[in-house]
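# Observations on the model geometry
Given next are the chains, with one letter for each unit.
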Amino acid sequence: MLGLLLKNRLNILFLGYTRDEIKKKTGRIIGTFLGIAIFSLILYYSARFFTFIYNRLDTGLANTIFDIALDYIFLVVFIFIIFTGIATSLYILYLSKDLELLLSLPIKYRTVFIYKYIEALVTNSYLFFIAIMPILISFGITSKLPMAYYPSMIIVFISVVSIPTSLGVLTGMAAVRLINPNRAKEILAFIGGLFGLLIWLSTQLIARFGENMAPQLKSMSIEDIKAYITAVFDKPFLKFFPSTWGSNTLFYLHNGNYKEFGLNFILITAVSALLIFLCIVISQRIYYTGWSNSSQVAARTGSRRVKIKIEVNTDEKGKYGYGLFSGVNYFILKDFKILLRDARRLLNIFLPMFMFTFLFFWSFSRSINDSGEINFFLPLKIILFLFLPLAIIGLVNSNISANNIGSEGLQFWILKVSPLQPKIILRTKIIFSSILTIFCGIIIMTIFYFVFKPGLSYLILGLILLILFSWGESIIGTSVGTFFPVFKPSQSSNKNNISFIGGMLNLMLFLLYILIFAGIAIGILYLANYLNWSSLISFPVIIALELILDIILYNTLVNLSTYRLNALEWKY
Amino acid sequence: MSDNSIAIETFSLTKKYGSLAAVNNLNLKIKSGEIFGFLGPNGAGKTTTIKLMTGLLKPTAGTVKITGNDIQEDPLGAKKNFGLIPEEPLIYEKLTGIEFLRFMGNIFTVDRKEIEEKIKELLKVFDLTGRGDELIQSYSHGMKQKMAIAGALIHSPKVLFFDEPTVGLDPRSARVIKDIMKFRARSGVCIFMSTHILEIAERICDRVGIINKGELIAVGNMDELRKVSKEKEGNLEEIFLQLTGEEEDIDIIKSLT
């Protein structure tokens, strides 16, 4: 029966390439070719890399580098799958659309579970397969390893990815007993995203470390370098990670140390098999009941909340829907509520902001102090203070505002039948993304203020420019998003609620806008310096010109997109 | 009949996708206080008609007037006066039930005090009291459907569009919906309902329209339909099958059983 299910899955996959809508079919074919191209490129470059380090470096040093690199690559894969794997497992085991059918068919629950487990394993690991397999293959080829290396390599890879998948599945099964799978998936995806950020930061630290160490390494002997690298990277805790057993298996096979190879191979495969077995055994007890109860979790919490609600209801008046948040403003409140409850969308918005801010400080931290000394017509630090935050929040804003309409998702019909002018709807959306961007911008600008110390007058100018820029960028993003919305089946969880063309257009318009916006301000500041104007003259002139630019944008783009919003049909 | 009593009016309403006419030259007049059943086989054009009437789709030709307001020319005037309950309860899953109802009440500019009263009343009617402060995403399909209906009722519209209203509802809720329709119709609300369940249509609708392949093939009360179909004693099911040319299907079904 499992074979039949897998065959059917492969058939669905195949039909996706042959019978699906032309757009989806083309996307899949392009994606597959892209995957093959990436695989080939990694294979080629890693083969060159291994040839280089084994030909040019001392063999012992090359082995040390390879050993440690393999340990860390497998470790990253291992930890990454643990975090992201929980969310994937939850989705595949509890939220897939085919579960209702599968669990109603005369198939053992165990078989359905194993089938879903395999699906989770493939989903969790296929990207790593594309990225890591060519490295391992090229290592085997360049080191002229025996044929036994290749099956071992595949078994080790499957074991390394199956252990975190099993742990993810087990955690997922436990989590579903406590909270709704939808909510659990979001929370865990959020944690996964934060972990991704952590990995990114670690790579930056390692890169920085390498940069700093490079001059010192040149003067060290091979033995000292080996000892140094081992002391820094070869941490004892690594030995307790199953991923290290996997990397050791391949490393010892390469070294011809068959005793250690055998030991590590048995360890990794045995733990992998044991965890899969444990998953299957536990699933028999809790998987089906977990799935069938998951839709009733709400019912349990609901009955618990009845009393709470009665108490809350009396003093709840005024909390929602009143005062500022009445009428059309409720649209803004609705969008905020939805955003705050959507962990993945929050991550999509705020993660780039933190990354760009960090990236800036990381890249320029050494030159920030020096920049104070560089002078054009103004000190460079003032120019950086005024416009770098705008560039960062502009990128954040284009993500929010361009999705303003598309993120309504399949609930867009509510917006269409509401008795509100399309222009008013667009205005509320622009206000929503502006408020969010201004909030983010104030945080970034405050940080930049303490770094650059440009003075209070420039802080005030910067904040006013921030408001004007957020407004203008929101107008552009919302308008482009209205022309190219993509309504996804599940609302707002995915950041791509705008078509590819729309996304590109939005990016180009954003770049053009920031160029004009910054151009106006810098032009006036330059002129003020040339004509010896005081800030009391130059700042208001800048603000007035930027305001005029935004008003022009508002009147042209919002009017155009009003027609578009009016003309958008609801075909779902 | 004065013009004021006409709640929904369509003139040569047509929607084409390429050469295919999903709805072709539809002319209807439905009075206030009337429950109008819109029947047809799958893909006949029922949902498309509702989408055209509510402004979700733009007609290729023709017009729709809701309480005298052209949905294309004066969309806001028309939209203020109707509520839509789509077949699928596609509502904001990240809002709680109460927040969703407040949102709906607010965009239809219902008085704040009235919103709170209506929320209590609707939650009670739909057996959702105590569940209103939970996120909609945790609701079952039936509960979401009830919440969508509650959302459409909160501003007491003059016209209600129901697309397959009882799909996914338990018998009690289905009964509540039918009672609401009758009650609202008695107070002058026009109900336009598309359904597959002929028994419901026969029991509660004042008039029925039958659409097939985008064409309105019959409209009237039961007696008028019997005349058109020449099924003098037939019930709505027999009339429907006769008019939509699906009687031969029955022979196939009989041969299979």
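Residues numbered from 1 in each chain as written. Chains lettered and ligands numbered in written order. Predicted model: local features only at pLDDT ≥ 70, side-chain atom pairs only at ≥ 80, totals over all residues.

With that settled, the discussion passes to the overall build of chain A. A tally of regular secondary structure across chain A gives 19 helices and 0 strands. For chain A, the share of sequence-separated contacts (at least 6 apart) that also reach a separation of at least 24 residues comes to 85%. (Helix = DSSP H or I, 4+ residues; strand = E, 2+ residues; numbered from the N terminus. Contact = placed C-beta atoms within 7 Å.)

Right, let's get into the overall build of chain B. Scanning chain B from N- to C-terminus turns up 10 helices and 10 strands. Looking at chain B alone, contacts between residues at least 24 apart form 69% of all its contacts between residues at least 6 apart.

All names here are of chain B. With mixed pairing, the 6 strands of this open sheet are ordered in space as β6-β7-β8-β3-β9-β10. Edge strands, defined here as strands with exactly one partner in the open sheet, are β6 (82–85) and β10 (215–220). Direction aside, neighbouring strands of the sheet carry axes that sit 15 degrees apart on average. Pairing analysis gives 4 bridges linking strand β3 (residues 35–39) to strand β9 (residues 207–212), with the strands arranged parallel. Bridge assignment links L39 to a residue of β9, and that residue is I210. Helix α9 (residues 236–243) contacts β3, β9 and β10 of the sheet and is inclined by roughly 30 degrees relative to β9. (Pairing = 2+ DSSP bridges. Axes fitted to C-alpha atoms, helices over the stretch in contact; angles between N-to-C directions.)

With respect to the element layout, A:A270 can be found in helix α10 (residues 258–294). Sequence-wise, A:A270 and A:S159 are 111 residues apart; in three dimensions their C-alpha atoms are separated by 8.8 Å.

It is worth spelling out the packing of helix α3 (residues 97–107) of chain B against helix α5 (residues 141–153) of chain B at this point. All names here are of chain B. In contact at an axis separation of 8 Å, α3 and α5 are set at 30 degrees when each is read in the N-to-C sense. With respect to α5, the element α3 is oriented roughly parallel. Crossing handedness for the pair α3 and α5: right-handed. Residue-level contacts link G97, F100, L101 and M104 of α3 to M147, A150 and G151 of α5. Of the residues contributing to the contact of α3 with α5, the split by class is 5 nonpolar, 2 polar and no charged. (Parallel < 35°, antiparallel > 145°, perpendicular 65-115°, else oblique. Left-handed = near helix turned anticlockwise from the far one by under 90°. Nonpolar A, V, L, I, M, F, W, Y, C, P; charged D, E, K, R; others polar.)

So, on to unusual backbone geometry. Residues and elements named next belong to chain B. Look at N25: it is not a glycine, yet its phi comes out positive at around 50 degrees. Position of N25 among the secondary structure elements: in strand β2 (residues 20–31). A count of 15 C-beta atoms within 10 Å places N25 in the partly exposed class. Non-glycine residue E164 carries a positive phi angle of around 50 degrees. Overall, the presence of 19 C-beta atoms within 10 Å leaves E164 in the partly exposed class. (Buried ≥ 20, exposed ≤ 12 C-beta atoms within 10 Å, placed from the backbone.)

It is worth spelling out the pairing of β6(B) at this point. Residue and element names in this part refer to chain B. Along β6, one buried face is formed by F82 and L84 and the opposite face, lined by G83 and I85, is buried too. Across 4 bridges, β6 lies against strand β7 (residues 159–163) in parallel orientation. Paired with L84 across the bridge in β7 is F161.

Turning our attention to helix α17 (residues 456–483) of chain A. An α-helix turns once per 3.6 residues; consequently, residues spaced three or four apart project the same way. Over its 28 residues, α17(A) runs 41 Å from end to end, which matches the ideal 40 Å to within 8%, given 1.5 Å per residue. Within α17(A), 21 of the 28 residues are buried, which leaves the element mostly enclosed by the surrounding structure. (Expected span 1.5 Å × (residues − 1).)

Another point: the nonpolar core. B:I8, B:F100, B:I154, B:V159, B:F161, B:I191 and B:F192 are the most contacted members of the largest nonpolar core, which totals 137 residues. Among the nonpolar cores identified, the runner-up in size contains 46 residues, and A:L5, A:F74, A:F83 and A:Y115 belong to it. (Core = buried A, V, L, I, M, F, W, Y, C linked by C-beta atoms within 7 Å.)

One rule of thumb: low pLDDT means the predicted coordinates there are not for detailed reading. All names here are of chain A. Overall, the prediction assigns chain A a mean pLDDT of 78, with 76% of residues at 70 or greater. Within chain A, the element-level pLDDT minimum falls on helix α11 (residues 297–315), averaging 39, and the maximum on α17, averaging 92. Low pLDDT (under 50) marks residues 295–326, which in the prediction has 34 contacts with non-local residues, meaning those over four places away or in another chain. (pLDDT = per-residue confidence, 0-100.)

Take the environment of A:A174 next. As for its placement among the helices and strands, A:A174 is situated in helix α6 (residues 149–176). Along the primary structure A:A174 and A:I286 are separated by 112 residues, whereas in three dimensions their C-alpha atoms are 8.6 Å apart.

Glancing now at helix α3 (residues 59–95) of chain A. In this model, α3(A) (37 residues) spans 51 Å end to end at C-alpha, consistent with the 54 Å of a helix rising 1.5 Å per residue. Of all the bends in α3(A), the greatest, near 40 degrees, is centred on A:G85. (Bend = angle between axes of the 7 residues up to and from the residue.)

Averaged over every residue, the pLDDT of chain B is 85; residues scoring 70 or more account for 92%. Interface scoring of the predicted complex returns ipTM 0.74; its pTM is 0.63.

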